[in-house]
Amino acid sequence: AQRVTQPEKLLSVFKGAPVELKCNYSYSGSPELFWYVQYSRQRLQLLLRHISRESIKGFTADLNEGETSFHLKKPFAQEEDSAMYYCAHCGYNKLIFGAGTRLAVHP
Amino acid sequence: GAVVSQHPSWVICKSGTSVKIECRSLDFQATTMFWYRQFPKQSLMLMATSNEGSKATYEQGVEKDKFLINHASLTLSTLTVTSAHPEDSSFYICSAKGTSGDTEAFFGQGTRLTVV
């Protein structure tokens, strides 16, 4: 069965500090991983996906198949990054979400 | 990006009645739609996956007869909560994937259901 684990419910940092939101997955095949973000009072939107290897809003995420991880990183957090972040995996025609991590960036 | 619209955004209904929630892809054709349920301060729990023209695949523990899903066209899927009870009160979110082979799923704004 596929599973996505986000161990941290809340990550609180100061502006300018580095950020790492953890995500681990379990899946028997080739993983297809995403990070979604939900800003206050807005719908979920895609932040980035592992196949495109792009950087969006300064965030990057590298797939580590050895550690079955897809951690989201940003070197310098901004206040506008405060939101809920969900790691998700698509497999067996299902899009499964982790529990989510709330990122709070303080001035 | 593509737009997915849910209707209604908020509905209050009496216990025992049925409620239909619509999910539309406005500017693309969606072969696959996902229905999620989200409790306060919790993550999205997948309820079912529907592919256009075929029966929905429900997750374990989700009652098929309680949550009826219809995906009759490439732009519309509906979730009907039958004989709703207060414990069905929740936030329901749909998501749609297009036909182009792109794996990105687009999300509706969600529907808050309150059963009184």
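Keep in mind the model is a prediction, meaning the values are calculated, not measured.

K.L.:
Explanation requested: the interface of chain B and chain A in the structure shown.
P.N.:
Many authors give the size of an interface as the accessible area that is lost as the parts come together. In this complex, chain B contributes 20 residues to the contact, which on the side of chain A involves 18 residues. Our enumeration of links across chain B and chain A arrives at two salt bridges. The shortest N-O distance in the salt bridge between B:Glu59 and A:Lys94 comes to 3.1 Å. For the side of chain B that touches chain A, the secondary structure elements donating two or more residues are strand S4 (30-38), strand S5 (44-51) and strand S10 (105-107) of chain B. Class assignment of the residues belonging to the side of chain B that touches chain A gives a composition of seven nonpolar, nine polar and four charged.

K.L.:
Mind showing me how you'd approach the side chain of B:Ser25 here?
P.N.:
Residues and elements named next belong to chain B. Positionally, serine 25 belongs in strand S3 (residues 19-25). Of the residues examined, serine 25 reaches a relative accessible area of 3% and is grouped as buried. Sequence-distant contacts of serine 25, defined by excluding residues within four places in its chain, comprise Val3, Ala30, Met33, Leu74 and Thr75.

K.L.:
Even after reading the chapter, I still don't get the pairing of strand S5 (residues 33-38) of chain A, so can you show me in this structure?
P.N.:
One face of the sheet, then the other: side chains in a regular strand alternate in exactly this way. Residue and element names in this part refer to chain A. When you tally the buried positions in S5, you get six out of six residues, the bulk of the element. Every second residue of S5 is oriented toward a common face, with Leu33, Trp35 and Val37 on one face and Phe34, Tyr36 and Gln38 on the other, all of them buried. In the sheet, S5 pairs with strand S9 (residues 83-91) via six bridges, with the strands oriented antiparallel. In the sheet register, glutamine 38 faces S9, and the bridge partner there is methionine 84. Summarising the sheet, S5 and strand S6 (residues 45-49) pair through four bridges and their orientation is antiparallel. Of the residues in S6, the one forming a bridge with tryptophan 35 is leucine 48. A loop of six residues connects S5 with S6, the two strands running antiparallel in sequence, and arginine 41 in this loop sits at a positive phi of about 65°.

K.L.:
Please clarify how the side chain of A:Gln2 should be interpreted in this entry.
P.N.:
Residue and element names in this part refer to chain A. Summarising the element assignment, glutamine 2 is placed in the segment before strand S1 (3-5). Of the polar contacts made by the side chain of glutamine 2, one reaches the side chain of histidine 89; its length is 2.5 Å. A polar side-chain atom of glutamine 2 sits 2.7 Å from the main-chain carbonyl oxygen of glycine 91. For glutamine 2, the residues in contact, after removing those within four places along its chain, are Ser26, Tyr27, His89, Cys90, Gly91, Tyr92, Lys94 and Ile96.

K.L.:
Whenever I open this one, the nonpolar core confuses me. Can you help?
P.N.:
Soluble globular proteins tend to pack their nonpolar side chains together in the buried interior. Membership of the largest hydrophobic core comes to 26 residues, with the highest contact counts inside it found for B:Phe67 and B:Leu113. Residue assignment for this core shows that the elements contributing at least two residues are strand S2 (10-13), S3, S4, S5, strand S7 (67-73), strand S8 (76-81), strand S9 (90-98) and strand S11 (111-115) of chain B. For B:Leu113, the residues in contact, after removing those within four places along its chain, are B:Val11, B:Cys13, B:Val19, B:Val81, B:Asp88, B:Ser89, B:Ser90 and B:Tyr92. Within the second largest apolar cluster, 23 residues are counted, among which are A:Leu11, A:Leu47, A:Leu48 and A:Ala77.

K.L.:
Looking at this structure, I do not really get the state of the cysteines. What am I missing?
P.N.:
Every disulfide links exactly two cysteines, by a covalent bond between their sulfur atoms. Scanning the entire structure with this criterion turns up two disulfides over all chains. In this model A:Cys23 forms its disulfide with A:Cys87; the gap between the sulfur atoms is 2.0 Å. Since a negative S-S torsion denotes a left-handed disulfide, the A:Cys23-A:Cys87 link at about -65° is left-handed. With A:Cys23 in the loop between strand S3 (19-21) and strand S4 (24-26) and A:Cys87 in strand S9, the pair connects residues that are 64 residues apart, well separated along the chain. Judged by its relative accessible area of 0%, A:Cys87 falls in the buried class. The thiol of A:Cys90 is unpaired, and the distance to the nearest cysteine sulfur, on A:Cys87, comes to 13 Å. Classification of A:Cys90 as buried rests on a relative accessible area of 9%. Between B:Cys13, a free cysteine, and B:Cys94, which holds the nearest cysteine sulfur, the sulfur-to-sulfur gap is 18 Å. A relative accessible area of 9% places B:Cys13 in the buried class.

Reading the values: the criteria
- Residues numbered from 1 in each chain as written.
- Chains lettered and ligands numbered in written order.
- Predicted model: local features only at pLDDT ≥ 70, side-chain atom pairs only at ≥ 80, totals over all residues.
- Heavy atoms only, no water.
- Contact = heavy atoms within 4.5 Å.
- Salt bridge = Lys/Arg side-chain N within 4 Å of Asp/Glu carboxyl O.
- Helix = DSSP H or I, 4+ residues; strand = E, 2+ residues; numbered from the N terminus.
- Nonpolar A, V, L, I, M, F, W, Y, C, P; charged D, E, K, R; others polar.
- Buried < 20%, exposed > 50% of the residue type's maximum accessible area, 1.4 Å probe, protein only.
- Pairing = 2+ DSSP bridges.
- Polar contact = N/O pair within 3.5 Å; in protein donor to acceptor, adjacent residues only side chain to side chain.
- Core = buried A, V, L, I, M, F, W, Y, C linked by side-chain atoms within 4.5 Å.
- Disulfide = S-S within 2.5 Å.

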